[in-house]
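# Tertiary structure, described
For reference, the chains in residue letters:
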Amino acid sequence: MIDPTLPAWLVYCRPGFERDCIEETQAKPVEAAENSGYLVLQGKARLAYKQLTFARQLLTLHGEVRGLPERDRLTPLLDAIPPVPERYGALYLEVPDTNDGKTLSGFTKRFQPLLEQALRDSERLVDDPALPRLHIFFPSEERALIATSDPRNSNDALNGIHRVSMSADAPSRSYLKLAEAFEVFLDKQEQALWLKPKMTAVDLGAAPGGWTWQLVQRGLKVIAVDNGPLKGAAASHPDIKHLRQDGFKFRPKRPVDWLVCDMVEQPQRVAALMVEWFLGGHTSNAIFNLKLPMKKKVEALRTALDTIRGALNKKGMRYKLEVKQLYHDREEVTVCLRKG
Ligand SMILES: C[S@@+](CC[C@H](N)C(=O)[O-])C[C@H]1O[C@@H](n2cnc3c(N)ncnc32)[C@H](O)[C@@H]1O
């Protein structure tokens, strides 16, 4: 039962990671069915979206409507929208990232223009990205959770999922993971500034070449380190130099603009490698995956991140560290570490 006297949060996550969300927020689960892809949490006055790894979306929950009639869902939903804030900057109709949820997305697409028009007619919906967004989340066709998001403390993508498109020539679907990471961790201005043609990158654990392909598509020159072969167009691209070496031993002769790393290894070992690269001045920007096949994922992640923070803090280095479980991440999370 939701306690109406306490703030309530609606959080979306990858199905199966509900417990990890609870553990990292330290909030009380009010609704958290395993593999549902969402949670209702209470007992925390404030949560910061950027500090959460397993939460795809962080919303303030205002209430719910049960027993929505098939013939007229509009009236009860309009009645349930809270009077404050008076105006919303966007309307998102959302569903869980489950097979059942996907079957509802046809309905939400059809329903969106109806609700949107009703809200625009009453001037409650305007186009202003600075205003809170209204989210109506449908766990089923009969039930809706009414929530809002603060644009400065949430994800701006529908369902909390940044959609990226596949390149026909990409050697693996991992191409999408790095594409998504750039969308999530860098805004458009940063992408234009930090992913410029002729910049340099090292990709550790590069084979078959999806991440390397993402980098060369953005014009970067890449040293791809892996004992395994690069596939397809990545095997012969002039901007890719493939080295069959141990990714833990390789260091570039000159500093590179980016280090990316997708080696399947213990998170602690990858964390220590990142520290060596940053303290050794080999790069100022890194995106890397930490594989979390273990049960105690939050604990293993915390230990690895503490290693990085502890070592960089000790040297007085200024840096920005962000960690998210991306839509394309399975039993793993993606980290963006940047100097400055
Ligand atoms: C998950 S795959 C990488 C997929 C790649 N990011 C892509 O987009 O195609 C992991 C790769 O890490 C490589 N790997 C694991 N340990 C390594 C090491 N010590 N040195 C170099 N490569 C390593 C494996 O050979 C494997 O190709």
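Let us look at the structure shown here. (Residues numbered from 1 in each chain as written. Predicted model: local features only at pLDDT ≥ 70, side-chain atom pairs only at ≥ 80, totals over all residues. Heavy atoms only, no water.)

## What to know about the layout of surface pockets
If a probe as big as a water molecule is rolled over the atoms, it shows which places are left empty. Our working rule: A 1.4 Å probe that fits into a set of points on a 1 Å grid over the protein atoms alone but cannot get out defines a cavity; an open set with protein on both sides within 12 Å along at least five of seven lines defines a pocket, and lining residues are those with an atom within 4 Å of a point. Grid points are joined across faces, edges and corners, and a volume is the space filled by probe spheres set on the points. Each helix is a run of H or I in the DSSP string that is no shorter than four residues. Each strand is a run of E no shorter than two, and both are numbered from the N terminus. Amino acid classes used here: Ala, Val, Leu, Ile, Met, Phe, Trp, Tyr, Cys and Pro are nonpolar; Asp, Glu, Lys and Arg are charged; the rest, including Gly, are polar. Where a domain begins and ends is set by an automatic assignment or by a domain database.
Its boundaries defined by the atoms lining it, the largest pocket holds a volume of some 590 Å³. Of all the elements in the fold, those that place two or more residues in the lining of the largest pocket are α4 (174-185), α5 (188-194) and β13 (319-324). Looking at the lining of the largest pocket residue by residue, the classes come out as 10 nonpolar, 7 polar and 13 charged. Inspection of the lining of the largest pocket shows a minimum of three residues originating in each of domain 1 (8-160) and domain 2 (174-339).

## A look at the site of the ligand
Heads up, the condition is: Neighbouring residues are identified by heavy atoms, a residue being near a molecule or strand if any of them is within 4 Å of it. We call two N or O atoms a polar contact when they sit within 3.5 Å, provided that within protein one can donate a hydrogen and the other can accept it, with sequence-adjacent residues counted only if both atoms are side-chain atoms. Methods summary: accessible areas were calculated by the Shrake-Rupley approach with a probe of 1.4 Å, and residue burial reflects only the protein chains presented.
The immediate surroundings of the ligand are formed by 17 residues, with S172, W211, D226, G247 and D262 found nearest. One of the backbone N or O atoms of P208 is found 3.4 Å from an oxygen atom in the ligand. The separation between a nitrogen atom of the ligand and a polar main-chain atom of G247 is 2.7 Å. For the ligand, whose unbound accessible area comes to 600 Å², protein coverage reaches 75%. Looking at the shell around the ligand residue by residue, the classes come out as 7 nonpolar, 7 polar and 3 charged.

## Quick word on unusual backbone geometry
Using the following cut-off: Burial classes: relative accessible area under 20% of the type maximum marks a residue as buried, over 50% as exposed, and values in between as partly exposed (1.4 Å probe, protein chains only).
At the junction of V84 and P85, the peptide bond is cis and its omega measures out at 0° in the coordinates. By the element assignment, P85 lies in the loop between α2 (74-80) and β5 (90-94). For the bond running from A207 to P208, omega is 0°, close enough to zero to count as cis. Within the secondary structure layout, P208 lies in the loop between β8 (200-204) and α6 (210-217). Phi is positive for Q26, which is not a glycine, with a value near 60°. Tracing the backbone shows Q26 in the loop between α1 (18-25) and β2 (28-31). On the basis of relative accessibility, which here comes to 57%, the residue Q26 falls in the exposed class. In this model, N159 sits at a positive phi of 60°, which is unusual for a non-glycine residue. With respect to the helices and strands, the residue N159 is situated in the loop between β7 (143-149) and α4.

## Considering the pairing of strand β1 (residues 8-12)
Working note: regular strand, side chains alternate between the two faces of the sheet. Operational definition: Only strands that DSSP links by at least two bridges are regarded as paired with each other.
The buried fraction of β1 amounts to 5 of the 5 residues, a majority that puts the element mostly inside the structure. In terms of strand pairing, β1 meets strand β3 (residues 38-42) through 5 bridges, oriented antiparallel. The residue bridging L10 from the neighbouring strand is V40, located in β3. Note: β1 against strand β4 (residues 57-65), 4 bridges, orientation antiparallel. In the sheet register, V11 faces β4, and the bridge partner there is L58.

## Describing the sheet that holds β8
The condition that has to hold: Helix axes are fitted to C-alpha atoms over the stretch in contact, other axes to C-alpha atoms as well, and angles between N-to-C directions run from 0 to 180 degrees. What makes two residues a contact is simply this: any of their non-hydrogen atoms within 4.5 Å.
Strand order in the open sheet made by the 7 strands is β10-β9-β8-β11-β12-β14-β13, with mixed pairing throughout. Edge strands, defined here as strands with exactly one partner in the open sheet, are β10 (240-243) and β13. Strand-to-strand twist in this sheet, taken as the mean axis angle between neighbours without regard to direction, amounts to 15°. As judged from the 7 bridges shared by strand β12 (residues 285-291) and strand β14 (residues 332-339), these two strands associate in the antiparallel manner. Each bridged residue has a counterpart across the sheet, and for K291 the counterpart in β14 is E332. Running at roughly 170° to β12, helix α7 (residues 267-279) makes contact with β8, β11 (258-261), β12 and β14 of the sheet. Seen against the sheet, helix α8 (residues 297-314) touches β12, β13 and β14 and runs at an angle of roughly 175° to β13.

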